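Below, each chain spelled out in residue letters.
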Amino acid sequence: MDRIISATLYVAGNFNVDLIMSTLHQWPEPGTETMLEHSELRAGGSAGNCALALAAMHVPHRAVANQGSDNFAGWLAERFAGSASDWPRYACETSLTVCFTHPDKERSFISNQGHIVQLTAEDVLLQLPLQAKPGDIILLCGTFLCTTLLQAYPSLLAELQQRGFIVAVDTGWPPDGWSDALRQQLSAWLPYCDYLLLNEVETLGFGARPVLQDSARALMQRLSGKGGCVVKCGSDGAHLWAYGTHLQAAARPVTVIDTIGAGDSFNAGFLSALLCGESHAAALEWGTEVAAHAISSSPREYPDWHKLQQRIKER
């Protein structure tokens, strides 16, 4: 990206190690062993995937996280070398997710808790400037996985707003599912959130409405009013509901190779556009194009700014 950007995109939350195993045709019986064709060890987590995309796209950013103390800690930190020197260390194992890919390209995840459950609001705030520059954005990811941080969300988001950040949140799916008690808990910080970035099922679960647009609008009305509710719909593109506005961007048809982190790649594209001062309509296009480029490449690739613009013009 060769345009001059004075603002920074901060990505905070679940940076962890991903072990990708494929292809698993059926779950093995207890006590047996199954050989798979492919494995890949890579940095991941919603926050990690987004930060890797930003680095590949040369977007000014910082990875805001913590780290464990086992052999994986240094390996993970090396993948985010520009930021990891500020990560506090905890005496615990590194958070690890094992992902099994099935023949239909659906995935199953098994994760430990590890270091991400130790991440605190103080850890996050100490890695941020006391006053944001105009246009600075912070994205909080892995809301339900960073359990200690989640408890501080109301005060944390209020402080981020006070410091002048544009605040975006990608909650992910709660491991125990949605409940009225959980929705009530989250309602305390929604007024301090500018952009809520969810997929379809998360929007329906969080908004507690049977129709997608009704859930999205209900959530949008509880946000700060400065942004909106973004809904990522995979091959059907993406939507944004803001006050008095509904926007939609179609997804470019691609041959899908690897869908892991598709939504995180979208986040990188969408928020990069906002960082560059682009409109909401353009941001949706950037998000869908970055996601399309990511899921159709292996090893994973991301478009530079010129390629991104060319792809959008060709639609």
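Cut-off values and rules
- Residues numbered from 1 in each chain as written.
- Predicted model: local features only at pLDDT ≥ 70, side-chain atom pairs only at ≥ 80, totals over all residues.
- Heavy atoms only, no water.
- Helix = DSSP H or I, 4+ residues; strand = E, 2+ residues; numbered from the N terminus.
- Rg over C-alpha atoms; globule rule 2.2 N^0.38 Å.
- Buried < 20%, exposed > 50% of the residue type's maximum accessible area, 1.4 Å probe, protein only.
- UniProt positions renumbered as here; feature names shortened; annotations may be inferred.
- Pairing = 2+ DSSP bridges.
- Axes fitted to C-alpha atoms, helices over the stretch in contact; angles between N-to-C directions.
- Contact = heavy atoms within 4.5 Å.
- Lys, Arg positive; Asp, Glu negative; His and termini not counted.
- Salt bridge = Lys/Arg side-chain N within 4 Å of Asp/Glu carboxyl O.
- Polar contact = N/O pair within 3.5 Å; in protein donor to acceptor, adjacent residues only side chain to side chain.

J.: Even after reading the chapter, I still don't get the overall build of the protein, so can you show me in this structure?
T.: What the protein contains, in helices and strands, is 11 helices and 12 strands. Over its C-alpha atoms the protein spans a radius of gyration of 19 Å, differing by no more than 12% from the 20 Å that the globule rule assigns to 315 residues. Counting only C-alpha atoms, the protein reaches 55 × 45 × 45 Å along its principal axes. Taken over 315 residues, the protein has a buried fraction of 53%.

J.: Sorry if this is basic, but what is going on with the UniProt feature "domain: Carbohydrate kinase PfkB" (unreviewed entry) in the protein here?
T.: UniProt records the feature "domain: Carbohydrate kinase PfkB" (unreviewed entry) for residues 10–298 in the present numbering. Taken end to end, residues 10–298 comprises 33% helix and 21% strand; its first and last C-alpha atoms sit 26 Å apart.

J.: What is the right way to read the sheet that holds strand E2 (residues 16–22) from this model?
T.: Strand pairing in a sheet relies on backbone hydrogen bonds. The paired strands run either parallel or antiparallel. One open sheet holds the 4 strands; their spatial order is E3-E2-E5-E6, and the pairing between them is mixed. Since the sheet does not close on itself, it has two edges, and those belong to strand E3 (38–44) and strand E6 (107–111), each with one partner. Recorded for the sheet is a direction-independent mean angle of 20 degrees between the axes of neighbouring strands. Strand direction decides the pairing type here: E2 and E3, joined by 7 bridges, are antiparallel. In the strand pairing of E3, Asp18 is matched with Arg42. Sheet contacts for helix H2 (residues 71–78): E2 and E3; angle to E3, the most-contacted strand, approximately 75 degrees.

J.: Quick question: what am I supposed to make of the side chain of Asp194 here?
T.: Looking at where Asp194 falls in the secondary structure, it is placed in the loop between helix H6 (180–186) and strand E9 (195–199). No salt bridge is formed by the buried Asp194, whose closest oppositely charged neighbour, Lys226, lies at an N-O distance of 4.6 Å. At 3.1 Å, the side chain of Asp194 forms a polar contact with the side chain of Gln161. Among the polar contacts made by the side chain of Asp194, one reaches the main-chain amide nitrogen of Val167 at a distance of 2.8 Å. Setting aside anything within four residues of it in sequence, one finds Asp194 in contact with Gln161, Phe165, Ile166, Val167, Leu223, Ser224, Lys226, Gly227 and Gly228.

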